[in-house]
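# Secondary and tertiary structure notes
Residues per chain, in single letters:
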Amino acid sequence: MAFALLTHTSAGSSDGIAVTTAGIDTTGATLLILTISSFSTPGTPTDSKGNTWVKAKDQVDSGLSYQSIWYSIPTSVGSSHTFTASAAVTYPSIFASSWSGPGTITLDQTNSATAKQAGSVTPSRDNELLIAAITTWTAGGTASPSAIDSSFTLLDTVTEDSPINHYGGGAAYQIQTTATARDPLWTTNGTGSNTAAIATFMASSNSSMFLV
């Protein structure tokens, strides 16, 4: 058994302060992931099921853009599950995904940079889940990511709006069979700031003998 994607969603703020996703069904999830694209830190996110969130990695381009990856080992999942990021004048966009995974799940490797690549990570074991995220911003523009390489799969993208209420951004993933170094490069439009982060997650039963 390996990690499996269950559901995902994204949303951009309409007031520059707060954003809440539409409800998704997270039944069966043993890992929840949020990535947040914003102007500055929006603080700890929340969800409608009252789970606890831990920051995996963040990156700031001071005065320009901010990216953060958060995760939760949930105690409550189910239908109509929503996710929220908020803080004054942060222009947030939020990307949520729910996953099933075998055994006890823990954060493994992280990296981040003020660039379209977060920097290389090498998972500690086979069959890990890799999450990549980016924030995009161009002054007066409509920046967004359009693709990512290194065999990552796009989850969702959000386009920056103008006049600005939310930053652009995107989230992507890879489930590795064999632990291999990765430093995926995002393709984006616009010429402003980009901040990227990457995190890998492993499970206690995550070895090749469990892969189906």
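As the structure is a prediction and not an experimental result, all values here were calculated from the model. (Residues numbered from 1 in each chain as written. Predicted model: local features only at pLDDT ≥ 70, side-chain atom pairs only at ≥ 80, totals over all residues. Heavy atoms only, no water.)

## Details of empty space enclosed by the protein
A full pass over the atoms with the stated rule returns 2 cavities of 30 Å³ or more. In this structure, the largest cavity encloses a volume near 40 Å³. Every residue lining the largest cavity is listed: His8, Thr9, Ile33, Thr35, Phe95, Ala96, Ser97, Ile131, Leu155, Asp156 and Ala171. Contributing elements (two or more residues each) for the lining of the largest cavity: strand E1 (4–12), strand E3 (31–38), strand E8 (93–100) and strand E12 (153–158). Broken down by class, the residue content of the lining of the largest cavity amounts to 6 nonpolar, 4 polar and 1 charged. Reported here for the second largest cavity is a volume of approximately 30 Å³. (1 Å grid on protein atoms, 1.4 Å probe; cavity = no way out; pocket = protein on both sides within 12 Å on 5 of 7 lines; lining within 4 Å. Points joined across faces, edges and corners; volume = space filled by probe spheres on them. Helix = DSSP H or I, 4+ residues; strand = E, 2+ residues; numbered from the N terminus. Nonpolar A, V, L, I, M, F, W, Y, C, P; charged D, E, K, R; others polar.)

## Details of the sheet that holds strand E13 (residues 168–175)
What links the strands of a sheet is backbone hydrogen bonding, and the strands pair in either a parallel or an antiparallel sense. Pairing in this open sheet of 5 strands is antiparallel, and the strands run E9-E15-E10-E13-E12 from one edge to the other. Strands with a single pairing partner mark the edges of an open sheet, and in this sheet they are strand E9 (105–113) and E12. When the angles between neighbouring strand axes are averaged without regard to direction, this sheet yields 15°. Relative to strand E15 (residues 193–203), strand E10 (residues 129–137) runs antiparallel, the two sharing 9 bridges. Residue pairing in the sheet places Leu130 in a bridge with Thr200 of E15. (Pairing = 2+ DSSP bridges. Axes fitted to C-alpha atoms, helices over the stretch in contact; angles between N-to-C directions.)

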